[in-house]
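Coordinate analysis (summary)
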Amino acid sequence: MPSNQTPVAETEPVVEPVETRPAAHVHAALTRTSTGNEDLRQLESGLDSLQSDADRKHRIEWSRILLPIAALAVLILVWQFYVSLGVKRRDLVPGPLDVMTQMGVLWNEGKLQEAVWTSLQRGLVGFLISVAIATPVGLLLAQVAPLRRAFGPLISGLQVLPSVAWVPAAIIWFGLTDATVYFVVFMGAIPSIINGLISGVDQIPPQYRRVGTVLGASRLQMALQVILPAALPGYLGGLKQGWAFSWRSLMAAEIIAVGGTIGFGLGSLLDQGRILSDMTVVMSAILLILAVGILIELLVFGPVEKRLLRRRGLLAGSTR
């Protein structure tokens, strides 16, 4: 018996654009009423694809390289323009070329390499020792309430105390030796790292501790495997601030404590330029101090912070 139905024409399947598939998978999985394993797997794969796409776009963003270079070029041009106006004498406000020429002279004399290496070595060694001291102390204060109530205000007070105030006392105690410099660095870095770690511990959700307790974690395991990893954002902030304070403290110590067995660092170079009334030497020392601080941020703390944000899924909403 002949059928009156009109045959349905075969159509080719519609292929979704590649860039829309992850978003479509996520939307489809979220809008279904079923919560089966297939939907969950589809949702997970969609989210992973979105995250990987965001990471790939982030890696090829050249503005992170070009914008700082452009900003530096603009600052140098403004500096040169101000010098060309002749508002101040060239011996008081040297131009960029004058400072670069002086850096070349210091390089040929070996003073530039010696100053940078001495200060960088002191800063890194002092900071690493400060981290080794401050981390267990911060964990202890964050875990034991009576100790925190007793020593917390003192740590906060030491953090706001200018590190340069310790230099005269350190000279009296240790003389003109490297111990004076390291003591000032410790007093500048340790309080900041401790407070950063305590702040990070305070922001940990209480569920983390309960899970650790249910799993039978000891106090040491709770501190090292649960609390410290969860407190990493605050801890990293404390480390960054601790490095900044240690570097500033080191410069203050090197400027004031000159002579004896203390080596020739960037602070000593800065003070030498002041004594000679040579602004090219002073500006060279200032720019080198600034350059070291920027390089440590770009090569050490910047990548670590970016990796931490990416692992926690926070990089997409960050301006880094």
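Residues numbered from 1 in each chain as written. Predicted model: local features only at pLDDT ≥ 70, side-chain atom pairs only at ≥ 80, totals over all residues. Heavy atoms only, no water.

**Structural notes on the overall build of the chain**
For the record, the criterion: Helix numbers and strand numbers start at the N terminus; a helix is a DSSP run of H or I with at least 4 residues, a strand a run of E with at least 2. Exposed residues in this analysis have more than 50% of their type's maximum accessible area, buried residues have under 20%, and partly exposed residues fall in between, with area computed by a 1.4 Å probe over protein chains only. Whether two residues are in contact is decided by their heavy atoms, any of which lying within 4.5 Å being enough. All accessibility values rest on the Shrake-Rupley procedure with a 1.4 Å probe; residue burial counts only the protein chains present in the view.
Looking only at helices and strands, the chain has 13 helices and zero strands in total. Its helices and strands taken in sequence order, the chain reads α-α-α-α-α-α-α-α-α-α-α-α-α from the N to the C terminus. In the chain, which comprises 320 residues, the share counted as buried stands at 35%. A separation of at least 24 residues holds for 68% of the contacts in the chain among residues at least 6 apart in sequence. Counting only carbon and sulfur atoms, one obtains 67% of the accessible surface of the chain, whose full area is about 19,900 Å².

**With respect to the pattern of salt bridges**
We count it as follows: One side-chain nitrogen of Lys or Arg within 4 Å of one carboxyl oxygen of Asp or Glu is enough to make a salt bridge.
Per the stated rule, a full pass over the model turns up seven salt bridges. With a shortest N-O distance of 2.9 Å, Arg122 and Asp178 are connected by a salt bridge. With Arg122 in helix 5 (residues 111-143) and Asp178 in helix 8 (residues 178-202), the pair connects residues that are 56 residues apart, well separated along the chain. For Asp178, a relative accessible area of 32% translates into the label partly exposed. Across the salt bridge formed by Arg274 and Asp271, the nearest N and O atoms sit 3.0 Å from each other.

**Regarding the confidence of the model for the chain**
The criterion, for reference: Here pLDDT means the predictor's own confidence in every residue, given as a number from 0 to 100.
Per-chain confidence: the chain averages 79 in pLDDT, with 77% of residues scoring 70 or above. The model gives residues 1-35 a pLDDT under 50, and that stretch makes 21 contacts with residues more than four places away or in other chains.

**Side note on the packing of aromatic side chains**
As a reminder, the rule being used: Note on ring pairs: Phe, Tyr and Trp rings are taken, using the six-membered ring of Trp, and paired if centres are within 6.5 Å. Classes follow the plane angle, with under 30 degrees stacked, over 60 edge-to-face and the rest tilted. Charge over a ring is defined by NZ of Lys or CZ of Arg lying within 6 Å of the ring centre and within 35 degrees of the ring normal.
Counted under the stated rule, the structure contains eight aromatic pairs. Ring geometry for Phe174 against Phe183: centres 5.5 Å apart, planes inclined by 50°, an arrangement best described as tilted. The class for Phe183 is buried, based on a relative accessible area of 17%. Cluster of aromatic residues (ring-pair linked, three or more members): Phe127, Trp243, Trp247 and Phe301. Lying across the ring of Phe245, Arg248 places its NZ or CZ 4.8 Å from the centre.

**Details of the nonpolar core**
The condition that has to hold: Only buried residues count toward a nonpolar core, which is a set of Ala, Val, Leu, Ile, Met, Phe, Trp, Tyr and Cys residues joined through side-chain atoms within 4.5 Å.
In terms of nonpolar packing, the biggest core is built from 59 residues, with Trp247 and Leu266 touching the most fellow members. Beyond its immediate chain neighbours, meaning those up to four positions away, Leu266 contacts Ala115, Val116, Ser119, Trp247, Met251, Glu254, Ala285, Leu288, Ile289 and Val292.

**Overview of unusual backbone geometry**
One non-glycine residue, Ser277, lies in positive phi territory at about 55°. Inspection of the secondary structure puts Ser277 in the loop between helix 12 (266-276) and helix 13 (279-311). Residue Ser277 is classed as exposed on the basis of its relative accessible area of 61%.

**With respect to helix 5**
This is how it is decided: Multiplying 1.5 Å by the residue count of a helix minus one yields the expected span of that helix. Axes are fitted to the seven residues ending at a residue and to the seven starting at it; the angle between these axes is taken as the bend at that residue.
For helix 5, spanning 33 residues, the distance from its first C-alpha to its last is 48 Å, which sits close to the expected 48 Å at 1.5 Å a residue. At Ala134, helix 5 shows its largest bend, some 25°, and a proline, Pro136, comes one to four positions later.

**So, the packing of helix 4 (residues 96-109) against helix 5**
The line we're drawing: For helices, the fitted axis covers only the stretch in contact; all axes are lines through C-alpha atoms, and the angles between them, taken along N-to-C directions, range from 0 to 180 degrees. Oblique is the label for every angle not falling under 35 degrees (roughly parallel), over 145 degrees (roughly antiparallel), or within 65 to 115 degrees (roughly perpendicular). Asp, Glu, Lys and Arg are counted as charged, while Ala, Val, Leu, Ile, Met, Phe, Trp, Tyr, Cys and Pro are counted as nonpolar; the rest, among them Gly, fall into the polar class.
Remark: helix 4 packs on helix 5, axes separated minimally by 5 Å, with the N-to-C direction vectors making an angle of 85°. The orientation of helix 4 relative to helix 5 falls into the category roughly perpendicular. When helix 4 is examined against helix 5, the residues Met103, Leu106, Trp107 and Glu109 are found in contact with a partner set consisting of Lys111, Leu112 and Gln113. Its residues assigned to classes, the contact of helix 4 with helix 5 comprises four nonpolar, one polar and two charged.

**Thoughts on the side chain of Asp271**
Mapped onto the elements, Asp271 comes out in helix 12. Residues within four places of Asp271 in sequence aside, it is in contact with Ile255 and Val258.

**Some words on a nonpolar patch on the surface**
Basically, it comes down to this: Here, patches come from residues exposed beyond 30% relative accessible area and free of salt bridges, joined within 9 Å for like charges and within 5 Å for nonpolar side chains (Val, Leu, Ile, Met, Phe, Trp, Tyr).
Nonpolar side chains collect at one region of the surface, where Leu290, Ile294, Leu295, Leu298, Leu299 and Val300 lie side by side and expose about 590 Å² of accessible area between them. Within the fold, Ile294 resides in helix 13. According to the relative accessible area criterion, Ile294 is partly exposed, its value standing at 43%.

**Quick notes on the environment of Ile262**
Within the secondary structure layout, Ile262 lies in the loop between helix 11 (232-256) and helix 12. A relative accessible area of 9% means that Ile262 is categorised as buried. Between the C-alpha atoms of Ile262 and Thr177, which are 85 residues apart in sequence, the distance is 5.1 Å.

**With respect to the side chain of Thr280**
We count it as follows: Under the rule applied, a polar contact is a pair of N or O atoms within 3.5 Å (in protein, one hydrogen donor and one hydrogen acceptor; residues adjacent in sequence only if both atoms are side-chain atoms).
Assignment of secondary structure puts Thr280 in helix 13. The class for Thr280 is buried, based on a relative accessible area of 14%. Looking at Thr280, its side chain comes within polar contact range of the side chain of Gln102, at 3.2 Å. At 2.4 Å, the side chain of Thr280 forms a polar contact with the side chain of Asp278. Those residues in contact with Thr280 that lie beyond four places of it in its chain are Pro94, Asp98, Val99 and Gln102.

**Here's the deal with the environment of Pro303**
Its location among the elements puts Pro303 in helix 13. The residues contacting Pro303, other than those within four sequence positions of it, are Glu297 and Leu298.

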